Every structure is written in C-alpha cells, then in structure tokens.
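If you want the building blocks of each chain, they are given just below.
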Amino acid sequence: MTTTFVLTRKPDAIFQSSEHKNQSGRFGTLIVLQGGKVTQVQITPQGGTGPKISAPTGFLDVRTLDGSGVTEATRFTTIERMGGYVQLKPQSHNGHVYKKEPYPLTYETGNKAVSELKGTNGQCFRVHGGLTAQERGILIHEAPHVGWLIGCIGPRRLNDLSKGSTDTAHRAMRDLFHIVPRPSQLFVLDW
C-alpha cells in the first residue's frame, strides 16, 4: 500500500492576508489517497471506473500501477503564497505536459527554515523532482498564515479559510505525519 497526495487549486480562491496587507495567497485542497501505487490522476466530470472520489471541480480519475484501487484517507485545505512566488507545476494542464511522473516526497525533521516556527521541530515533507531550482526547494509544512510560505504548501484543517493566523495548521501537519505508510508522492492537478 502507498500513500499519495493529490493537490488541486481549483476553484481559484485567492485571498488577501488579514494580518499583512502586502501578502496574498490561494486556497486549495490536498486529498490523501491510500492503496495501489498511483501513476496518473486527473479531474473529470464523472471520475474513473473505481470509487467516486470527489474533488472541488469534479471527481478524481485515478490510475494505479497494477490496476488496484485507492481510497480517500482524508483531506485538508491548503494555502500557497501568491504575488510572484514559485508554485509547483502540475503534471499536465490544458494539454501541456510539464512532468510525466509524480513528485516524490520524503519526510524530514530538523529543517532549519521550518524550525523557525516554534513547536514544529523542523518537521516537513520535502517535494523532490521540481523542474527548476526554486521548485526543488518546495516543502509541505506548517504555516499558520501565508507569511510563513515562500513557495511552499501549507495544509490546515478542511474548510479552514482563515485569511490570518490559524492553529489548525499545526493539527493538520500532526495528522499528516502520523499517516502510515508515510506519503511518498504528490500529484498537482492544476495551476
């Protein structure tokens, strides 16, 4: 069994920080799948042949290496920083293929940048396989507000659309760190 993250940023939900007027962000959804090794994911109006896993703009059509199924383990709302900051490219979008394979993930402790936020112990997931040097620095980590992100992805509890600080980011990351097996790959579905 593998654990796969699927990130969708649709529908576009851009927000202005309520704490820092010069910072903006975008909400998204992180869906956690468990089952066979996922080789392809896309959103379609009806989904694939397996179980119907909803996404904000349709259903997931998930393909696995051996044809086995997947189930949704949980999901989270995410934030990403806007305003010229790097964002991870989707595997494909509007007919353009950016990356054929998923982004591999590894679990890290003691990350110096993440450790600046007290109580994190520097724990995060590192996203590998970025297409640019900036993309290769992207992490998935706790971010109480969008100011803690410089291209990274910050999960929080589902439907937490706080535009300022929230404590659900801490609880969301604790939940993600306890998923077994640990998440090993990420699919990004859209811009």
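Our subject is the structure listed above.
It should be emphasised that the depicted structure is a prediction, and the values quoted were computed from it without experimental measurement.

What counts, and at which threshold
- Residues numbered from 1 in each chain as written.
- Predicted model: local features only at pLDDT ≥ 70, side-chain atom pairs only at ≥ 80, totals over all residues.
- Heavy atoms only, no water.
- Phe/Tyr/Trp six-rings, centres within 6.5 Å; stacked < 30°, edge-to-face > 60°.
- Helix = DSSP H or I, 4+ residues; strand = E, 2+ residues; numbered from the N terminus.
- Buried < 20%, exposed > 50% of the residue type's maximum accessible area, 1.4 Å probe, protein only.
- Lys NZ or Arg CZ within 6 Å of the ring centre and 35° of its normal.
- Contact = heavy atoms within 4.5 Å.
- Core = buried A, V, L, I, M, F, W, Y, C linked by side-chain atoms within 4.5 Å.

Peer 1: Looking at this structure, I do not really get the packing of aromatic side chains. What am I missing?
Peer 2: The relation between two aromatic rings is expressed through the spacing of the ring centres and the mutual angle of the planes. Scanning the model with the defined rule gives 6 aromatic pairs in all. Look at Phe15 and Phe27: their rings are 4.3 Å apart centre to centre, the planes differ by 25°, and that puts the pair in the stacked class. Here the residue Phe15 occupies a position in strand 1 (residues 2-16), and Phe27 occupies one in strand 2 (residues 24-35), the gap between them amounting to 12 residues. In terms of burial, Phe15 and Phe27 fall into one category: buried. With a centroid separation of 5.3 Å and an interplanar angle of 45°, the aromatic rings of Phe125 and Phe177 are classed as tilted. In this pair, Phe125 sits in strand 10 (residues 124-127) while Phe177 sits in helix 2 (residues 168-177), placing the two residues 52 residues apart along the sequence. Residue Phe125 is classed as buried on the basis of its relative accessible area, which comes to 0%. Judged by relative accessible area, which is 7%, Phe177 ranks as buried. What links up through ring pairs into an aromatic cluster is the set Phe5, Tyr107, Phe125 and Phe177. One residue, Lys99, lies across the ring of Tyr103, its end atom 5.0 Å from the ring centre. Just above the ring of Tyr107 sits the side chain of Arg182; from NZ or CZ to the centre is 3.7 Å.

Peer 1: Got a minute to help me understand the environment of Ile14 in this structure?
Peer 2: Assignment of secondary structure puts Ile14 in strand 1. Using a relative accessible area of 53% as the deciding quantity, one classes Ile14 as exposed. Distance in space between the C-alpha atoms of Ile14 and Thr39 is 30 Å, their sequence separation being 25 residues. If we skip the residues at most four places from it in the chain, Ile14 touches Gly25, Arg26 and Met82.

Peer 1: Can you walk me through the nonpolar core in this structure?
Peer 2: Soluble globular proteins: nonpolar side chains tend toward being buried together. Residues Phe5, Val127, Ile140, Leu176 and Leu186 are the most contacted members of the largest nonpolar core, which totals 21 residues. Those elements that provide at least two residues to this core are strand 1, strand 2, strand 9 (103-108), strand 10, helix 2 and strand 13 (183-188). In terms of residues, this core owes the most to one element, helix 2, which gives 4 residues. Ignoring anything within four residues of it in the chain, the contact list for Val127 reads Leu88, Tyr103, Pro104, Leu105, Glu135, Arg136, Ile138, Ile140 and Leu186. Counting residues in each nonpolar core, the second largest holds 11 residues, with Leu33, Val41, Ile53 and Leu189 among its members.

These results come straight from atomic positions and should not be treated as a statement about function.
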